[in-house]
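# Results of the structural survey
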Amino acid sequence: QYLGLGVLEVLDANTTAINFRLKMGAVEPSLIYGKVEENGSVNDDGANDDTNLYAINLSFDIQGWDSNVFYALADDDAADTEAWGLGFYTSGKLGVVALTGELAFLGGDAGANVDYEGVQFYLKGEGNLNDAFKVGAEFLYAQGADAGEDQLTNLADFGDFTVVDTNAPCATDVTIVADGPFDYTGDNAGVVAGTLFASYQATEQFSFGGKFSYLTPEEDENTNIDSTVSFSAWANYDLGSNTSFMVLYNLSSHDYDVDPANEDDQGIFYARFLINF
């Protein structure tokens, strides 16, 4: 079954699992156990020992704000690896602006020589200027790893948390930041990033929009990438109640401390004809 905590930055898994939720009043706890990886065999001895997931989520409401506090632990005895995540998530409205925020701390170790560290913050605000025009912005922060540490960004990643995406109807279909938004360089460098996005419903059938993203490493000594700019533009036309056609173009460009050879900007063109049954 699908398991996700908060905005899916820490845990985003599709696996064999049990989720036991108690609806007991103001606070609703969920107790979760999942089998993340069989490690090559249903025999669980030695090198084939499984990777297991244990989590608890406390869901509650704070004056109209849907909030969660969660803790999750992924334990791989075969690799002598243990990783954990602790976070707070909330979403609600401040006037006409819908806000979503999460603060998460991650840690653990892999054997005696590798320490996991991670601090991540995410904030999104969006609202309608009128019935047709919607705007929003996001802010991301993740601490880069120091010497002798590895940056941990998640315990299991199914790919649904795509902050630096296209903000289009096909957002989860197009991958712009392959290593994930909180370590987008893949070099344990963290991130400081901001996005701006907008969409316009021109007619009942036709809509279009765009998104601009700027990212820079939090620990720039860990990577050759100095900053990244990404821009997307899209348009969607509904041919009927269950049929649509859309096109999208994204352009992403890296600025390097030392320019690598044969490095070009990345362009993506995407088209989709969709029928819902």
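Residues numbered from 1 in each chain as written. Predicted model: local features only at pLDDT ≥ 70, side-chain atom pairs only at ≥ 80, totals over all residues. Heavy atoms only, no water.

Attention now moves to the overall build of the chain. Along the backbone of the chain there are zero helices and 17 strands. Against the globule reference of 19 Å for 277 residues, the chain gives a C-alpha radius of gyration of 21 Å, in line with a compact fold. Across its three principal directions, the C-alpha atoms of the chain cover 60 × 55 × 35 Å. Taken across its 277 residues, the chain has 42% of its residues classed as buried. Counting only contacts in the chain whose residues sit at least 6 apart along the sequence, the fraction spanning at least 24 positions is 50%. Of the side chains in the chain, 8 bear a positive and 46 a negative charge, and the two mean positions are spaced by 18 Å. (Helix = DSSP H or I, 4+ residues; strand = E, 2+ residues; numbered from the N terminus. Rg over C-alpha atoms; globule rule 2.2 N^0.38 Å. Buried < 20%, exposed > 50% of the residue type's maximum accessible area, 1.4 Å probe, protein only. Contact = heavy atoms within 4.5 Å. Lys, Arg positive; Asp, Glu negative; His and termini not counted. Charge placed at Lys NZ, Arg CZ, Asp CG, Glu CD.)

Bridge count for strand 4 (residues 27-37) against strand 5 (residues 51-62) is 10 bridges, and the pairing is antiparallel. Paired with Glu28 across the strands is Ser59, a residue of strand 5. Sheet analysis places strand 5 next to strand 6 (residues 65-76), joined by 12 bridges and oriented antiparallel. Looking across to strand 6, one finds that Ile62 is bridged to Trp65. Hairpin connection between strand 5 and strand 6: a loop of two residues separates the two successive antiparallel strands, and Gln63 in this loop has a positive phi of roughly 50°. (Pairing = 2+ DSSP bridges.)

On to the nonpolar core, then. Among the nonpolar cores identified, the biggest contains 31 residues, and Leu5, Leu11, Leu53, Leu155 and Val191 are the most heavily contacted of them. Setting aside residues no more than four positions away along its own chain, Leu155 makes contact with Val10, Leu53, Ala72, Leu73, Ala74, Ala83, Trp84, Gly85 and Leu106. Membership of the second largest hydrophobic core comes to eight residues, among which are Ala168, Trp234, Met246 and Ile268. (Core = buried A, V, L, I, M, F, W, Y, C linked by side-chain atoms within 4.5 Å.)

Locating Asn43 in the fold gives a position in the loop between strand 4 and strand 5. Remark: the alpha-carbon pair of Asn43 and Pro169, spanning 126 residues in sequence, is separated by 43 Å.

Turning our eyes to something else, we now look at the pattern of salt bridges. Taken as a whole and assessed by the stated rule, the structure comprises four salt bridges. A salt bridge links Glu126 to Lys134; the shortest N-O distance between them is 3.4 Å. Connected through shared salt-bridge partners, Lys124, Glu126 and Lys134 make up one network. (Salt bridge = Lys/Arg side-chain N within 4 Å of Asp/Glu carboxyl O.)

Once that is clear, we can look at unusual backbone geometry. One non-glycine residue, Leu8, adopts positive backbone phi at about 75°. For Leu8, the location among the structural elements is in the loop between strand 1 (2-5) and strand 2 (11-14). For Gln63, which is not a glycine, the phi torsion comes out positive at approximately 50°. By the secondary structure assignment, Gln63 is in the loop between strand 5 and strand 6. Residue classification places Gln63 among the exposed positions, given a relative accessible area of 79%.

Mean pLDDT over the chain: 87, with 91% of residues reaching 70 or higher. At the level of individual helices and strands, the chain shows its lowest average pLDDT in strand 12 (residues 156-157), which scores 72, and its highest in strand 10 (residues 133-142), which scores 95. (pLDDT = per-residue confidence, 0-100.)

Negative charge collects at one region of the surface, where Asp220, Glu221, Asp255, Asp257, Asp259, Glu263, Asp264 and Asp265 lie side by side. Inspection of the secondary structure puts Glu221 in the loop between strand 14 (206-216) and strand 15 (225-238). (Patch = residues over 30% accessible without salt bridge, like charges linked within 9 Å, V, L, I, M, F, W, Y side chains within 5 Å. Areas by Shrake-Rupley, 256 points an atom, 1.4 Å probe, with all protein chains shown as cover.)

Glancing now at the side chain of Thr15. Examined against the element boundaries, Thr15 turns out to sit in the loop between strand 2 and strand 3 (16-21). Within the structure, the side chain of Thr15 is placed 2.3 Å from the backbone oxygen of Lys35, a separation counted as a polar contact. Aside from chain neighbours lying at most four places away, what touches Thr15 is Gln1, Leu3, Lys35 and Val36. (Polar contact = N/O pair within 3.5 Å; in protein donor to acceptor, adjacent residues only side chain to side chain.)

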